[in-house]
Amino acid sequence: MITKFQRVCRKGFQPRYISGRRGFQPRKLTKIGAIFVSILFLLIYPTTSPKGDSHSEKDMARPASTQYEKRIPSRDGIGKIYMGREISQVMGHLAAGWLERPEREREEMPNKLLEMLKLKKGDVVADIGVGTGYIARRISPIVGKTGTIYGVEIQQEMLDILAKKMAEEGITNIKGVLGTITNPKLPPNSVDLAIMVDVYHEFSHPYEMMHNICRALKVGGRVAFIEYRLEDDNVPIKRLHKMSELQVIKEATPHPLSWIETLDGLPWQHVIIFEKVATE
Ligand SMILES: C[S@@+](CC[C@H](N)C(=O)[O-])C[C@H]1O[C@@H](n2cnc3c(N)ncnc32)[C@H](O)[C@@H]1O
């Protein structure tokens, strides 16, 4: 017998992502979940909680503008605010099927995106938040046998799906990397392009992640934020899963990154590109 929970899992939690009527809404479960999370939140975090996340000395030593704040989570958020933006929940591996949906070709045009990024043979690419490898698998033939793609994930289940798909498709130049919520665990000064497709807004520790991504980039290496456009009301994605160009630039500013360009031309996303500058 299939339980309601199994039915929800089979469909995946992808609908959290979609706004309006388009998505299936597991309302009851979400309501119970929201009440549970709110109670937990109130128990764990007193309302007098000051700014900051872990309140480690390192966090508090950062400029005030880069410290985290807390509030009661909104429906799709984790109740943690970074530079005025509430961070969204992470998309769970049960929604992996949504990443591979056929209509994604039309909605996101991944091949056009990769043309825009002007990668070349031998490049080292870090696909941060690689998921099932929907993007990394398309990068594979572009960088070729002499190139490497680090597929970074915090969910081992996603890396398992990636490994299966690589075996099916005979891909050998993607290396799955199990990172942490603060560190992609990449070798320093090794990466030509760090790409984040629909990922950055989910980082629970965006400051730490960007700090460590910058360490992994070569000087002159690029980082590309591919985010659903908040500025465009016609993009049918939920608020916290969208980001404005201005917000991305604001959040990149504390890091040794120089804005290069913002590319339009994709149906739902903008591509915001920075270059790592030398720090000394
Ligand atoms: C919406 S999915 C996008 C997956 C893939 N980029 C794509 O476009 O198909 C976001 C992924 O980012 C991963 N993620 C979230 N925070 C992360 C972090 N700090 N480091 C690495 N991956 C992270 C999640 O586990 C999830 O698989």
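Residues numbered from 1 in each chain as written. Predicted model: local features only at pLDDT ≥ 70, side-chain atom pairs only at ≥ 80, totals over all residues.

1. Side note on the overall build of the chain
Of regular secondary structure, the chain possesses ten helices and eleven strands. Classification of the 280 residues of the chain by burial places 33% in the buried group. Sequence separation of 24 or more characterises 66% of the internal contacts of the chain that already satisfy a separation of 6 or more. (Helix = DSSP H or I, 4+ residues; strand = E, 2+ residues; numbered from the N terminus. Buried ≥ 20, exposed ≤ 12 C-beta atoms within 10 Å, placed from the backbone. Contact = placed C-beta atoms within 7 Å.)

2. As for the sheet that holds strand S3 (residues 85-88)
Strand order in this open sheet of three strands is S1-S2-S3, and the pairing throughout is antiparallel. Either end of the sheet is taken by a strand with one partner, and the two such strands are strand S1 (69-70) and S3. Two strands pair when backbone bridges link them, and S1 and strand S2 (residues 77-82) are joined in this way by two bridges, in the antiparallel orientation. Counted as the bridge partner of Lys-70 is Lys-80 from S2. (Pairing = 2+ DSSP bridges.)

3. A short note on the site of the ligand
Lining the immediate environment of the ligand, one finds 23 residues, of which Leu-99, Gly-129, Gly-131, Tyr-134 and Val-197 sit closest. Its residues placed into classes, the shell around the ligand shows 16 nonpolar, four polar and three charged. (Near = placed C-beta within 6 Å. Nonpolar A, V, L, I, M, F, W, Y, C, P; charged D, E, K, R; others polar.)

4. Looking at the environment of His-205
Relative to the helices and strands, His-205 is located in the loop between strand S7 (191-197) and helix H9 (206-216). Once residues lying within four places of it in the same chain are set aside, the contact partners of His-205 are Ile-181 and Thr-182.

5. Examining helix H7 (residues 136-143)
Residues separated by three or four positions in an α-helix point in the same direction, a consequence of the helix having 3.6 residues per turn. Within H7, burial applies to Ala-136, Arg-137, Ile-139, Ser-140 and Val-143. All buried residues of H7 fall inside an arc of 150° around its axis, so they share one side. Elements in contact with the buried residues of H7: helix H6 (110-116), strand S4 (124-128), strand S5 (148-153), helix H8 (156-169) and strand S6 (174-178). Directly beyond the C-terminal end of H7, a positive phi value near 70° is found at Gly-144. (Arc of directions from axis to C-beta.)

6. Quick word on the nonpolar core
Within the largest apolar cluster, 55 residues are counted, with the highest numbers of intra-cluster contacts made by Val-125, Ala-126, Val-191, Ala-194, Ile-195, Met-196 and Ile-213. Val-191 has contacts with Val-124, Ala-126, Leu-186, Ala-216, Leu-217, Lys-218 and Gly-221, leaving out every residue within four places of it along the chain. (Core = buried A, V, L, I, M, F, W, Y, C linked by C-beta atoms within 7 Å.)

7. Regarding the environment of Gly-147
With respect to the helices and strands, the residue Gly-147 is situated in the loop between H7 and S5. What makes Gly-147 buried here is the crowd of 20 C-beta atoms within 10 Å. Once the C-alpha coordinates of Gly-147 and Asn-173 are considered, the two residues, 26 residues apart in sequence, prove to be 6.8 Å apart. When sequence neighbours within four positions are dropped, the list of residues in contact with Gly-147 reads Lys-121, Gly-122, Asp-123, Val-124 and Asn-173.

8. Topic: the confidence of the model for the chain
With 78% of its residues at a pLDDT of at least 70, the chain reaches an overall mean of 86. Segment residues 1-16 is flagged for pLDDT under 50; beyond a separation of four residues in sequence, or across chains, it makes 19 contacts in the model. The model gives residues 20-29 a pLDDT under 50, and that stretch makes nine contacts with residues more than four places away or in other chains. (pLDDT = per-residue confidence, 0-100.)

9. Some details on unusual backbone geometry
Phi is positive for Lys-118, close to 50°, though the residue is something other than glycine. Within the secondary structure, Lys-118 sits in the loop between H6 and S4.

10. Details of the pairing of strand S10 (residues 257-263)
In this sheet, strand S11 (residues 269-276) lies alongside S10 in antiparallel orientation, the contact comprising six bridges. The residue of S11 that forms the bridge with Glu-261 is Ile-273. From the end of S10 to the start of S11, which pair antiparallel, there are five residues, and Gly-265 there has a positive phi angle of about 120°.

11. Structural notes on H8
Taking 1.5 Å as the rise per residue, H8 with 14 residues should run 20 Å; its terminal C-alpha atoms sit 20 Å apart, in good agreement. Inspection of H8 places Met-158, Leu-159, Ile-161, Leu-162 and Met-166 among the buried residues, and these make up the whole buried set. Taken around the axis of H8, the buried residues stretch over an arc of 160°, which confines them to a single face. For H8, the exposed residues lying more than 90 degrees away from the buried face are Gln-156, Lys-164, Ala-167 and Glu-168. Of the surrounding elements, those touching the buried residues of H8 are helix H4 (96-99), S5 and S6. Looking one or two places after H8, you find Gly-170, whose phi comes out positive at around 65°. (Expected span 1.5 Å × (residues − 1).)

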